[in-house]
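# Structural features, examined
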Amino acid sequence: MTRPTALLLAALLLLAALHLLVPLGPWLELRRSDPGLASLLLTEIRLPRTLLAAGYGAVLGMTGAALQALFANPLASPDITGSSSGAALGAVLGAYWFAIVDPLALAAFGAGGAALALVALLLLAGRRSDTATLLLAGVAIALAAGAATSLLLALAPSPFAFYDSFEWLMGSFVDRSLPQAAAALVPAGLACAILVRRAHALDLMALGEDVSASLGYPPRRVAVEVVGLSAIAVGACVSVCGAIGFVGLIAPYAARRLSGGHPGRALVPAALVGAILVVLADLFVRSAPAGRIVPVGIVTTVVGTPLFIWLVVGMRRRLTS
Amino acid sequence: MTSLLSARGVAIDGRLHPTDVDVAAGSLVALIGPNGSGKTSLLRALAGVELSRGSLAIDGEDVASAPPARRPHLLTFLPASRDLAWPIRARDIIALGLAKADPGRIDRLLDLLELGSLADRPADRLSTGERARVLLARALAPSPRLLLLDEPLSNLDPYWVLKTLELLRETVRTLGCSAIVSLHDIDRVGSFDRVLLAAQGSMVADLSPESMLASTELARSFRIERGESGWRVSRA
Amino acid sequence: MPASALLIGASVASLNLCTDEYLLLLARPQEVASVSFLSQDRQESPLWRSARRFPANRGSIEDVLVRRPSVVLTMGGGGRATRLLASRLHIRPVELLSPLSLGDVAANLRTVAGVLGEPRRATPWLQELARLQRTSPTKAKDTLWLSGGGQSLTAGSIGAQWLRLAGLEQRPLPGGRASLETLLVRPPAVLVQSRYRSAQVSSGERWLDHPIVRNVRAQRMAADGRRWTCMGPLMIGEIERLRAAQR
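Throughout what follows, the structure given in this document is the object of discussion. (Residues numbered from 1 in each chain as written. Chains lettered and ligands numbered in written order. Predicted model: local features only at pLDDT ≥ 70, side-chain atom pairs only at ≥ 80, totals over all residues.)

Turning our attention to the sheet that holds strand β4 (residues 53-58) of chain B. Residue and element names in this part refer to chain B. Strand order in this open sheet of four strands is β2-β1-β4-β5, and the pairing throughout is antiparallel. With one partner strand each, in any of the chains shown, β2 (16-23) and β5 (61-62) form the two edges of the open sheet. Bridge count for β4 against β5 is two bridges, and the pairing is antiparallel. Bridge pairing links Ala 57 to Asp 62 in β5. Together, β1 (5-12), β2 and β4 form the strand contacts of helix α1 (residues 39-47), whose direction differs from that of β1 by roughly 115°. (Pairing = 2+ DSSP bridges. Helix = DSSP H or I, 4+ residues; strand = E, 2+ residues; numbered from the N terminus. Contact = placed C-beta atoms within 7 Å. Axes fitted to C-alpha atoms, helices over the stretch in contact; angles between N-to-C directions.)

Here you go:
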């Protein structure tokens, strides 16, 4: 493990521990009055929340890095390619219209939605399109999926569906259970473990699709694998926590600074950076003043948007220089 | 002598008719032809980038079934495009060509192609010619048995055109490997052992450089003819 | 949970504005462990004064855990596993119906009273509700209920059912929304306008400010929008007020 990666891991573990213990007051208070309940608080409520925050962040980072490598474009990411929105659509369809309750089945719906969105993107924009085409296609798909999700929620048999929409479209880790965490993180973890093994192929794609094919990595097969694995990982997480944006865009950017620009070697650092970002965002949400609920996706968007603009400006400058 | 490269019936639907190619070890083969004639298609078919039909073997080893770990030892493909999507350092780009890390090899290549001062510069801050040399170094890095180079001399200064040809000759001589190089400037064929002429998706001639330049096939394909002071447009 | 514990005194936490309503109306102060922060907001609930006596929660079971409730009231759930978590924490989860009919409101009243260990406490409310239904006017006037942006009630919805008890028949509208054209061309006999957050700026409020809306030729009545959010027992008072306004 390289030194930057080790440092990132240490930072993540520290933040995760903090995330488990904050707010400290209620836990200490409970420990005094009912130690059994206090430990249940940690294991049944806070642990799944921390695991999901770190895991979802890692998934966003890694799939973002993989999609950027695949599309050879630093602006690709699960949200900009419409994958997260597709996953939310799948999950909402399953939860409110098919009355799916089992978290694992719901994760499958999420994965299906994400996969369809990515396939639509590949059909619309192709694999080696310019940035403008990719962004437009991704935004179009994200808008379409988001609109469809809102419509489904508004028309759903359950009248509360519409009020739940902000959790689906902007993410939440509140009151998630251990079975839910497992339903999201086990498939996502498996998918990411397989994705990591494609890191070298993704690095070679930096030399161009043809070179990568000549070295035994046909671009179409790599694309199908990356798209499929990303869809499973993102879909499973979105089905439990809703869609969270910008982490999949920013984390790979930071990770590539550490990997010397290599898109494939950035997969693992991007996962660590993504996990750190989401845990930080959720720490902020948990510390927000009582009386206001700030969805975690709002925090990541507020922080991520200026960074995104800076990225675009940088790209434009590089193109014109 | 058994061929280094033995390709049978390689074809790309719509672009390359089934073609057989045999290349002996230690030879430099030039590939010429007008735009759209199938030069790039042949190289891509041999590299395994796109192959509708046919098979090829290098030193008797079937390429299609070679795993990714083995491929860099067998062949290398240098496409005509000099684009790099990511700002990777020159040194690291060369390293991507290697199957196993080998800093010594990278340093030797940096020397050979006079890239020493550019070693740590990211690709997006290199000029086209500098990028071309870095990518050539990447292709040479694993010392493969067969080099497939698509227009490696374009975008190069005259100094580097000559140096590259010298380098390729030296490489095939010392390592006993071979190279098939597509050229745009037909006057360069003199540096090669053999010239293939592509026209409309087929190899229509396979001659020595002198014979090729004087051939009617070349005149017909390019619609030019040799005059007293060089080439001129065909009057026929 | 042994039945005796219920008699000793349940401690109930409510995680939702609409479940808060039932709890605040039926429970004694020592039985309320926590209510959602929305109920403490004067703009959101008529019960805000009594709600402020209790600790607030943000709708998460973690917020109420430190109060050690024996029961938690929920409605809807979305992606949350609140009920599962409650069970694992040895708290009894009770889900109230999101009311689609007046019968659902009655059922919720009975459920909450039962959770508090005294089913009798629901009786006055149930009797009032039954009386309203018995004395519902036979003829009803053509009515439009309006809130920000032209939002109205869907015909046949629980809001329309409540409205009917006041002798007001909600006119069926496409998409449950009133257009300015409808108000101009076919004004209703009665216009019930919600004053929910009327002082705050919003695009919905600007719609209500439109001259056509302000000058509609109809008998105008004001509605306390807060009560219409949950369509719960607080509507009983609202309907009585709407009846009185017509006399």
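Having seen the model, we can carry on.
Both faces of the sheet carry side chains from a regular strand, because those side chains alternate between them. Residues and elements named next belong to chain B. Where burial is concerned, most of strand β8 (residues 178-182) is hidden: five out of the five residues are buried. Every second residue of β8 is oriented toward a common face, with Ser 178, Ile 180 and Ser 182 on one face and Ala 179 and Val 181 on the other, all of them buried. Judged from the five bridges that link them, strand β7 (residues 146-150) and β8 form a sheet pairing that is parallel. Each bridged residue has a counterpart across the sheet, and for Asp 150 the counterpart in β8 is Ser 182. In terms of handedness, the path from β7 via helix α6 (residues 158-175) over to β8 forms a crossover that is right-handed. (Buried ≥ 20, exposed ≤ 12 C-beta atoms within 10 Å, placed from the backbone. Right-handed = clockwise from strand over helix to strand, strands pointing away.)

The subject of this paragraph is the interface of chain C and chain A. Chain C puts 21 residues into the contact, and the matching count from chain A is 27 residues. For the side of chain C that touches chain A, the elements supplying multiple residues, two or more each, are α4 (61-65) and α5 (82-88) of chain C. When residues of the side of chain C that touches chain A are assigned to their parent elements, the largest contribution, four residues, is made by α5 of chain C. Each residue belonging to the side of chain C that touches chain A can be placed in one class, and the counts come to 10 nonpolar, six polar and five charged. (Nonpolar A, V, L, I, M, F, W, Y, C, P; charged D, E, K, R; others polar.)

Turning next to the packing of helix α6 (residues 102-115) of chain C against helix α7 (residues 123-134) of chain C. Packed helices, taken two at a time, are described by the angle their axes make and the gap between the axes. All names here are of chain C. Contact geometry for α6 and α7: axes closest at 10 Å, N-to-C directions at 165°. With respect to their mutual orientation, α6 and α7 come out roughly antiparallel. Handedness of the crossing formed by α6 with α7: left-handed. For the pair α6 and α7, contact is made by Leu 102, Ala 106 and Leu 109 and by Trp 125, Leu 126, Leu 129 and Gln 133, respectively. When grouped by side-chain class, the residues that make up the contact of α6 with α7 number six nonpolar, one polar and no charged. (Parallel < 35°, antiparallel > 145°, perpendicular 65-115°, else oblique. Left-handed = near helix turned anticlockwise from the far one by under 90°.)

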